[in-house]
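Listed here are the chains, written in short residue letters.
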Amino acid sequence: MTFLKGARISSRAEGKQRARDEGTGGAGGMVLNLKMVTTSYDSVAYTVPVSVGSAQQNLSLQVDTGSSDLWIASKSCSTASCSSTNGRLYDPTSSTPTDVSFTINYLSGTVSGPIVWDTVQLGTYSVQNQALAAANMVSDEPLSLDFDGILGLALPLNSVIEQTIPPSTNNNPDGAPFSSNIFSMTPASTAPSQPFFSLTFARPGSDAIPSLLGIGMHPSSVVPDPSKIKYSTLVSQGVGTLFWKTNVRAIAVYVNGQARPIVLTESVTGAAFPTALLDSGVPFIITTSSIANGIYGALGISPASDGNYYVPCTTPLNMTITLDGQPELPIHPLDLTSEPSGQHNSQYCVGLIQADDSQLTATSDIGDMVLGVPFMRNVYTVLAYEPPPFNMSVYSGIRPTLGLMGLTNITQALDEFNNVRVLNQPLNGAPPQQAASSNDTKMSVGLEVLIGLIGFFALCVTLFGVKWFMTRRQWKKQGMVDTDGGRKGEGEYRAYQLTRRHSRSSEDAPPVSTLRTLAYSSYATRKEKVSEYTFDSNGTRVEPDPVEEFGEWNVKYDHSPPSIFDLSNPWDPHAANRDTIVGTDAPLPDTPTSLEFLATDHRRTSDEISGVPESTSIPLLTDRHRRRSSSQSSDSDVAEAGIGMAGVGTVARGSQIITGLRHDLPRSDDTDRNSSSLGSLNEVVTPSWRFPTSHEHPDTIDVVDNH
């Protein structure tokens, strides 16, 4: 016999579990919360927690209405399916062996292993000596950490274990399925007074309907009025009733609000109506090709080359089904199509109603349709072992019946389909008007990512601004930022640049025009500061030389103008050597080009000096130069210093010899000192300081006093 367990195709995500366990068990029954476990991209399983063995191992079993046996993957199983449970496997060491093996073949997958007796507790109901299979071989079953085996809730006559170990009428252990044992517990006060199981399955992404398993009790949150549950007569096979199966009276597809009934032919068994079997272990709806073609044909869709049916993802399949004794039951459009694996916002979705004529035959006992999870999410299902009103005090054997109550509002379902498939919004399970006013709504993932990116860039900009502020503040402290319009440190920086002109690095050398301007600016300043001392030799002041008159200095320059070079003091002994280097900030006139202009009135000739009255005091240095005026070396010294006869005071301050001095002015034998000191008319005025650079520190010059 072939049982309906196979491929699992479902919606995309898990929904929230809202309900909690209800009731205390015993005769009043109880309601247990199921867990929706993702088994693949588009497949889920609904599992219930159980305790097994004297050690009360906590395991999870899938609720399966298409089979009747209980099996759990054991520690002796080493297949890939068993390995996916992460080691949470059944340990049968405390169980009682039966020395009987078990094998069951599903639509897809095989399970085998020894049959043992052990204690199984579901909720508050504990069954002693329950027959189960300790599976040591499981193939093609999507087991996981919360999916360790199967709890079969189909009718007892369909049990493989019961066929191997027939039930007994005494207290000896037998092979009766769990569903039979729980309703025949003794004393009667410990068993549920109403012999039924009930199921509701949540839709992934929605909490509108919880996932629940009722044992002799209806969940009050789903069924406030049990009288609304309608019951259908089950269809039996030759050997008896095996499945929760009933007749299909009608199927309709609505297109633009208009119903398009599907023509139903006779059953594969030859009966007047096709039959449908409810199986919570199958994640889609299986039917014959004639019924599938009629359903999709209403939308103008034919099977693809691979035999499957594909529907545009934005086209709702609005379908209803009418079973024996039931009203028209609508199915949510989101339960009838699924996006292909890994293809979000795909153009075409996989239809979850598929044809399989090879499995649906007259000898398979399955019938014409298998209504799996897509259908069972839309109804409250009651698996009753006798028809209501339930009266266990007068037990007359199993007379099973199937109760159903529709849970889907088709108008709301179409709105949800449009929100999810057309507007790409999440399915929240609440009506649109309630969802809009809810305070618990969450932002979409895209909006959260956008806010995160904006916050990241804002943080980067803030950090950059702080870094820039600190760097600029440091530059200000080091004098690298011009904060006063270019005035601050202008003279010092200018002198520093000119001093480095002949260093090994010429990156910061100023142009010739700048040197010319600076030279003339220095000359103008010098003229203003010292002219009052050179009109009359009585006003000329001679300071004692820091060294002998012709002592040698080796000068070392340390990047910035030394403080001892006070250019504002005309008596500074080094001011004459800086005449052509440091200028002022005053606007500069045109650079002079004639000797007449450069030859100022305060220059004195030797004849003028010789003609002064005796009362006039002549500086010592001037007298020395006059006595040596006939010497060629004297002329050369004056010319080399770049000073000329610019005044007695000037000569006195500039008469020391600078070791290492380089001069660019041409020497002349002409007795005219003005001509020799100024050079040619077309030459650029150059600084009088030319220092050789140090090899270790190219921007410094050594200063050594030889005396």
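About the criteria used
- Residues numbered from 1 in each chain as written.
- Predicted model: local features only at pLDDT ≥ 70, side-chain atom pairs only at ≥ 80, totals over all residues.
- Heavy atoms only, no water.
- Helix = DSSP H or I, 4+ residues; strand = E, 2+ residues; numbered from the N terminus.
- Buried < 20%, exposed > 50% of the residue type's maximum accessible area, 1.4 Å probe, protein only.
- Contact = heavy atoms within 4.5 Å.
- Areas by Shrake-Rupley, 256 points an atom, 1.4 Å probe, with all protein chains shown as cover.
- Pairing = 2+ DSSP bridges.
- Disulfide = S-S within 2.5 Å.
- UniProt positions renumbered as here; feature names shortened; annotations may be inferred.
- Expected span 1.5 Å × (residues − 1).
- Polar contact = N/O pair within 3.5 Å; in protein donor to acceptor, adjacent residues only side chain to side chain.
- Salt bridge = Lys/Arg side-chain N within 4 Å of Asp/Glu carboxyl O.
- Core = buried A, V, L, I, M, F, W, Y, C linked by side-chain atoms within 4.5 Å.
- Phe/Tyr/Trp six-rings, centres within 6.5 Å; stacked < 30°, edge-to-face > 60°.
- Lys NZ or Arg CZ within 6 Å of the ring centre and 35° of its normal.

Undergrad: In this structure, what is going on with the overall build of the protein? I would like to understand it.
TA: The helix and strand inventory of the protein stands at 16 helices and 30 strands. A burial count over the protein gives 47% of its 707 residues as buried. The contacts in the protein between residues at least 6 apart in sequence include a share of 71% that link residues at least 24 apart. Working note: accessible area of the protein is about 34000 Å², and carbon and sulfur atoms make up 53% of it.

Undergrad: Whenever I open this one, the pairing of strand S26 (residues 379-384) confuses me. Can you help?
TA: Within a regular strand, the side chains alternate between the two sheet faces. Most of S26 is tucked away, with 6 of its 6 residues classed as buried. Taking every second residue as pointing to the same face, both faces of S26 are buried, with Val 379, Thr 381 and Leu 383 on one and Tyr 380, Val 382 and Ala 384 on the other. In terms of strand pairing, strand S12 (residues 196-200) meets S26 through 4 bridges, oriented antiparallel. Across the sheet, the residue bridging to Ser 198 is Val 382, located in S26. Bridging between S26 and strand S27 (residues 401-406) involves 6 bridges; their strand directions are antiparallel. The partner of Val 382 across the bridge, within S27, is Gly 403.

Undergrad: For this particular structure, what's the right way to read the state of the cysteines?
TA: Throughout this description, disulfide means a covalent bond between two cysteine sulfur atoms. Taken as a whole, this structure holds 2 disulfides when the rule is applied. In this model, Cys 77 is linked to Cys 82 through a disulfide, with the two sulfur atoms separated by 1.9 Å. An S-S torsion of about 85 degrees defines the bridge between Cys 77 and Cys 82 as right-handed. Each sulfur of the disulfide joining Cys 313 and Cys 349 lies 2.0 Å from the other. On the sign convention where negative is left-handed, the bridge of Cys 313 and Cys 349, at about 115 degrees about the S-S bond, is right-handed. Taken together, the residues Cys 313 in the loop between strand S19 (310-312) and strand S20 (318-323) and Cys 349 in strand S23 (residues 348-351) connect sequence positions 36 residues apart. Exposure class is identical for Cys 313 and Cys 349. Each is buried.

Undergrad: Honestly, the UniProt feature "transmembrane region" (unreviewed entry) in the protein in this entry has me stumped. Any pointers?
TA: Per the UniProt annotation, the sites labelled "transmembrane region" (unreviewed entry) are residues 449-470. What you have in residues 449-470 is 100% helix and 0% strand, and the ends, taken at the C-alpha atoms, are 32 Å apart.

Undergrad: So what exactly am I meant to see when it comes to helix H6 (residues 410-422) here?
TA: One turn of an α-helix holds 3.6 residues; hence residues three or four places apart share an orientation. Compared with an ideal rise of 1.5 Å per residue, which puts 13 residues at 18 Å, H6 spans 17 Å between its outermost C-alpha atoms and is within 8% of the ideal. Looking at the buried positions of H6, the neighbouring elements they touch are strand S22 (337-338) and S23. Between the side-chain oxygen at the start of H6 and the backbone nitrogen of Thr 411 there is a gap of 3.0 Å, and the oxygen is on Asn 409. Downstream of H6 by a residue or two, Asn 424 has a phi angle that is positive, lying close to 55 degrees.

Undergrad: How should I be thinking about the pairing of strand S8 (residues 110-122) in this particular structure?
TA: Relative to S8, strand S4 (residues 43-52) is paired through 2 bridges, and the arrangement is antiparallel. What sits directly across from Ser 51, in S8, is Gln 121. The pairing of S8 with strand S10 (residues 137-139) spans 3 bridges and is antiparallel. Bridged to Ser 112 within S10 is Met 137. Two elements, S8 and strand S9 (residues 125-135), share 7 bridges in a ladder whose sense is antiparallel. In the strand pairing of S9, Val 120 is matched with Val 127. Hairpin connection from S8 to S9: 2 residues lie between these consecutive antiparallel strands, with Gly 123 at a positive phi of about 65 degrees.

Undergrad: Help me out: how do you make sense of the pattern of salt bridges in this one?
TA: Side chains bearing opposite charge may pair, as long as their charged atoms lie close to each other. Using the criterion set out here, one finds 5 salt bridges in the structure. A salt bridge links Asp 148 to Arg 88; its shortest N-O distance comes to 2.7 Å. With Asp 148 in the loop between S10 and strand S11 (149-152) and Arg 88 in the loop between helix H1 (80-83) and strand S7 (96-105), this pair connects stretches of sequence that are 60 residues apart. The class for Asp 148 is buried, based on a relative accessible area of 0%. Between Arg 203 and Asp 335 there is a salt bridge, with the nearest N and O atoms lying 2.9 Å from each other. Highlighted residues: Arg 203 in the loop between S12 and strand S13 (212-215) and Asp 335 in the loop between strand S21 (329-331) and S22, separated in sequence by 132 residues. Note on accessibility: Arg 203 and Asp 335 belong to one class, buried. Where salt bridges share partners, they join Arg 203, Asp 335 and Arg 377 into one cluster.

Undergrad: I'm lost on the nonpolar core in this one. Help?
TA: Generally speaking, nonpolar side chains in soluble globular proteins are found buried as a group. By size, the foremost hydrophobic cluster in this structure holds 71 residues, and its most contacted members are Ile 321 and Phe 375. Of the residues forming this core, the biggest block, 5 residues, is contributed by S4. The residues contacting Phe 375, other than those within four sequence positions of it, are Leu 278, Ile 285, Ile 321, Leu 323, Leu 329, Ile 331 and Leu 404. Ala 45, Cys 82, Val 160 and Ile 161 belong to the second-largest nonpolar core, a separate cluster that totals 22 residues.

Undergrad: Please clarify how the sheet that holds S23 should be interpreted in this entry.
TA: Hydrogen bonds between backbone atoms are what pair the strands of a sheet, whose relative direction is either parallel or antiparallel. In space, the 3 strands of this open sheet follow the order S19-S23-S22, with antiparallel pairing throughout. Of all strands in the sheet, those with a lone pairing partner are S19 and S22, marking the two edges. Sheet analysis places S22 next to S23, joined by 2 bridges and oriented antiparallel. For Thr 337, the partnering residue across the bridge sits in S23 and is Gly 351.

Undergrad: Where do I start with the packing of aromatic side chains in this structure?
TA: Two aromatic rings, taken as a pair, are described by how far apart their centres are and by the angle between their planes. Scanning the entire structure with this criterion turns up 7 aromatic pairs. Relative to Tyr 385, the ring of Phe 197 lies with its centre 6.4 Å away and its plane at 70 degrees, an arrangement referred to as edge-to-face. Separated by 188 residues along the polypeptide, Phe 197 in strand S12 and Tyr 385 in the loop between S26 and S27 bring together distant segments of the chain. Both residues of the pair, Phe 197 and Tyr 385, belong to the buried class. Measuring from ring centre to ring centre gives 5.7 Å for Phe 456 and Phe 457, while their planes differ by 65 degrees; the resulting arrangement is edge-to-face. With a relative accessible area of 47%, Phe 456 lands in the partly exposed category. Looking at Phe 457, the relative accessible area reads 53%, which means it is exposed. Following the ring pairs from residue to residue traces out a cluster consisting of Phe 183, Phe 197, Trp 244 and Tyr 385. Sitting over the face of the ring of Phe 273, Arg 249 holds its NZ or CZ atom 4.3 Å from the ring centroid.

Undergrad: Whenever I open this one, the side chain of Asp 64 confuses me. Can you help?
TA: Within the secondary structure, Asp 64 is located in strand S5 (residues 57-64). On the accessibility criterion, Asp 64 (0% relative accessible area) is buried. Within the local environment of Asp 64, its side chain forms a polar contact with the backbone nitrogen of Gly 66, the two atoms lying 2.9 Å apart.

Undergrad: Looking at this structure, I do not really get the sheet that holds S27. What am I missing?
TA: Reading across from one edge, S1-S2-S13-S12-S26-S27-S14 is the order of the 7 strands in this open sheet, with antiparallel pairing throughout. Each edge of the open sheet carries a strand with a single partner, namely strand S1 (22-23) and strand S14 (230-232). Bridge count between S12 and S13: 4 bridges; the pairing is antiparallel. From the neighbouring strand, Leu 199 faces S13, where its bridge partner is Leu 213.

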